[in-house]
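Single-letter residue listing:
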Amino acid sequence: MELVERAAAGVVTMRARARSADADCPYCGSASGRVHGRYIRRLADAAVGGASVVIELLVRRFKCPNPACHAVTFAEQITGLTSPHARYTPLMREQLVSIALALGGRAGARLAGMLGLCVAKDTLLRLVRATPDEPVGRIRVLGVDDFALRKGDSYATILVDLERRRPVDVLPGREAEPLAAWLKGHPEVEIICRDRAGAYAEGARTGAPQAVQVADAWHLWHNLGEAVEKTVSAHHTCVRTAFENTVPTAPPLSDDIWQTPPAPASGMLDVCGRERRLVTRTRERYTAVRQLLDSGSTLEDICRTLQLDRSTVRRFARATGIDELLVKATNRSTILDQYKPYLHQRWNENCHSSAELHQEIVALGFTGSIQTVRRYLRPFKAATAAPPARRPAPRPRRIVRWITTDPGSLTADDAADLKEVRTSCPELDAVTHHVRDFAAMTRDLRGDQLPAWMERVLADDLPALHSLINGLSRDIDAVTAGLSTSWSSGQVEGQVTRAKLLKRQGIGRANLDFLRKRILLRN
């Protein structure tokens, strides 16, 4: 091989020729030494010192000596350097494929150009699509989950070998049929880890009846948390009443007195004592949605009639009562909350100037207008002193966090507040017992205790948890296996996160086939 020249554009040209006297016909395998003709073939090779390299190869065409062969002539191929119709050497092709798998088309083309590998973004996409898949091999434990290609519109299913910790395939959609068809081609699968989606359960039963289905423990805990949040929202009135009827101990008169926000006397009323517009609107919408549902209207009909978004109508339709919706509507913080104790203190110190108080809390970090302060202080003018700051009731999500946290991990203040919540509401006390029993089952892998736990939950008046129990009963075998084995979908969730990153890198240019290649081939 001979170095010829370095062009002005930074391209190194190298000329080469084969030294063998004959070549084998690629169709019939007959050796031939009869040269029919010659031509120059140009191959792009890996860059040298940042400069592009082009190999000019003198290729010969031979006449096939076998009269029965359909090929009259054939071109010689050099092992390790050429292949039919290829414009790149194997080394450069491998480099380009690695760049495309890591960065995608446009970004990969920019990096390749900086390295001296001139290539178009569309070429990188074609190279990745032409790369063969790695063999799947035998799979014993399979993880299944879905991810959004376009949220709310199209989805895909990722399959992960949990023992080798790598994805093995990506299927279009999230229906049962593609999964069942894939599993029928892999009868060696023994365990299938999945979430509680009904389509995956049906696909696993159809395609791999011999496999044990395992419901992911995290998804079970997440479902329980959602049921607990609904229960806390439904009974938050009891908690609010208990906390607001107790006056907190007087805080020390120091610079940070304003850091503990008080709760208003009633979250349903504004500072003038009138019902909040949000509360009124929530009541009206709930009444209208329930009336249309009782009359037999579908969610789509209600959306068109009330001109509301489907998610809003679905939230009102699924609510167990108006109290659940009002809790979410009234437990909203304002920018003035953390400064209210300071305003109470200064008002009782005979500082009744809204402008002066506004300036003082602005110095403490308040960013609102003086009108906000004036509206809050307006009811105080009719009284001789500011009313005592009522004790704030914990928000529903904070109570849910206390209930679902290991008791040994709660702070002393949180444990005391949770004890008061449980004392004020027997239903929330029962929920706390059930959650801790479920956590012990999950931690100790005692799925055999699940039927007894379900019976205890059904014995209490907890509609949200009863709905959860009904769902668990329809998938009881997989749920029991999920609480009895250490296999979970944790690896699958990690692969889904990685797939979403790859999807965003190629958004708007490549389809599912390209994304699938990147997921399966990118190390």
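Residues numbered from 1 in each chain as written. Predicted model: local features only at pLDDT ≥ 70, side-chain atom pairs only at ≥ 80, totals over all residues. Heavy atoms only, no water.

Draft legend 1. Geometry of the pairing of strand 5 (residues 35-48). One ladder, built from 11 bridges, connects strand 5 with strand 6 (residues 51-63); its direction is antiparallel. Within the sheet, the bridge partner assigned to L43 lies in strand 6 and is I55. Remark: two residues form the turn of the hairpin made by strand 5 and strand 6, two consecutive strands paired antiparallel; G49 in that turn has positive phi of roughly 60°. (Pairing = 2+ DSSP bridges. Helix = DSSP H or I, 4+ residues; strand = E, 2+ residues; numbered from the N terminus.)

Draft legend 2. Focus on helix 17 (residues 426-444). The terminal C-alpha atoms of helix 17 lie 27 Å apart, and with 19 residues this matches the ideal 27 Å at 1.5 Å per residue to within 8%. Where helix 17 terminates, the next one or two residues include L445, which has phi positive at roughly 55°. (Expected span 1.5 Å × (residues − 1).)

Draft legend 3. Local environment of the nonpolar core. Membership of the largest hydrophobic core comes to 35 residues, with the highest contact counts inside it found for V228, I403 and W453. At the level of elements, helix 6 (217-234), helix 7 (236-244), helix 15 (396-404), helix 16 (412-424), helix 17, helix 18 (450-458), helix 19 (463-474) and helix 20 (476-482) are the ones that each hand at least two residues to this core. (Core = buried A, V, L, I, M, F, W, Y, C linked by side-chain atoms within 4.5 Å. Buried < 20%, exposed > 50% of the residue type's maximum accessible area, 1.4 Å probe, protein only.)

Draft legend 4. Just helix 14 (residues 370-377), in detail. The complete set of buried residues in helix 14 reads T372, V373, Y376 and L377. Axial view of helix 14: buried residues confined to an arc of 125°, hence all on one face. In the core, the buried residues of helix 14 are packed alongside helix 12 (340-348) and helix 13 (354-363). (Arc of directions from axis to C-beta. Contact = heavy atoms within 4.5 Å.)

Draft legend 5. Here's a closer look at the pairing of strand 6. For strand 6, a buried count of 10 out of 13 residues is recorded, marking the element as mostly surrounded by other parts of the structure. Direction of pairing for strand 2 (residues 11-17) relative to strand 6: parallel, over a ladder of seven bridges. Across the sheet, V11 pairs through a bridge with S52, a residue of strand 6. Pairing of strand 6 with strand 7 (residues 73-75) involves three bridges; the strand directions are antiparallel. Residue pairing in the sheet places F62 in a bridge with F74 of strand 7.

Draft legend 6. Up close: a nonpolar patch on the surface. Together, L103, L111 and L115 give the surface a local cluster of nonpolar side chains, amounting to about 220 Å² of exposed area. Residue position: L103 is located in helix 1 (residues 90-103). Judged by relative accessible area, L103 falls into the partly exposed class, the value being 31%. (Patch = residues over 30% accessible without salt bridge, like charges linked within 9 Å, V, L, I, M, F, W, Y side chains within 5 Å. Areas by Shrake-Rupley, 256 points an atom, 1.4 Å probe, with all protein chains shown as cover. Salt bridge = Lys/Arg side-chain N within 4 Å of Asp/Glu carboxyl O.)

Draft legend 7. Representation of unusual backbone geometry within the structure. Non-glycine residue R165 carries a positive phi angle of around 60°. When you line up the elements, R165 lands in the loop between strand 9 (154-161) and strand 10 (166-172). Under the relative-accessibility criterion, R165 is labelled exposed at 58%. Non-glycine residue L445 carries a positive phi angle of around 55°.

Draft legend 8. Just the pattern of salt bridges, in detail. With the rule as written, the count across this model stands at 24 salt bridges. In this structure, the salt-bridge partner of R42 is E56, at a minimum N-O distance of 2.7 Å. With a gap of 14 residues between them, R42 in strand 5 and E56 in strand 6 connect regions that are remote in the sequence. The closest approach of N and O atoms between R304 and D301, which form a salt bridge, is 2.4 Å. Linking R304 with D301, this pair stays in helix 9 (residues 299-306), spanning three residues, or about one helical turn. A relative accessible area of 58% places R304 in the exposed class. Residue classification places D301 among the partly exposed residues on the basis of a relative accessible area of 29%.

Draft legend 9. Representation of the packing of helix 9 against helix 10 (residues 310-318) within the structure. Contact geometry of helix 9 with helix 10 gives a least axis separation of 9 Å together with a crossing angle of 115°. Compared by their axis directions, helix 9 and helix 10 come out roughly perpendicular. Relative to helix 10, helix 9 is oriented so that their crossing is right-handed. Residues L299, E300, I302 and C303 of helix 9 form the contact with helix 10, whose own contacting residues are R310, V313 and A317. Classifying every residue of the contact of helix 9 with helix 10 gives five nonpolar, no polar and two charged. (Axes fitted to C-alpha atoms, helices over the stretch in contact; angles between N-to-C directions. Parallel < 35°, antiparallel > 145°, perpendicular 65-115°, else oblique. Left-handed = near helix turned anticlockwise from the far one by under 90°. Nonpolar A, V, L, I, M, F, W, Y, C, P; charged D, E, K, R; others polar.)

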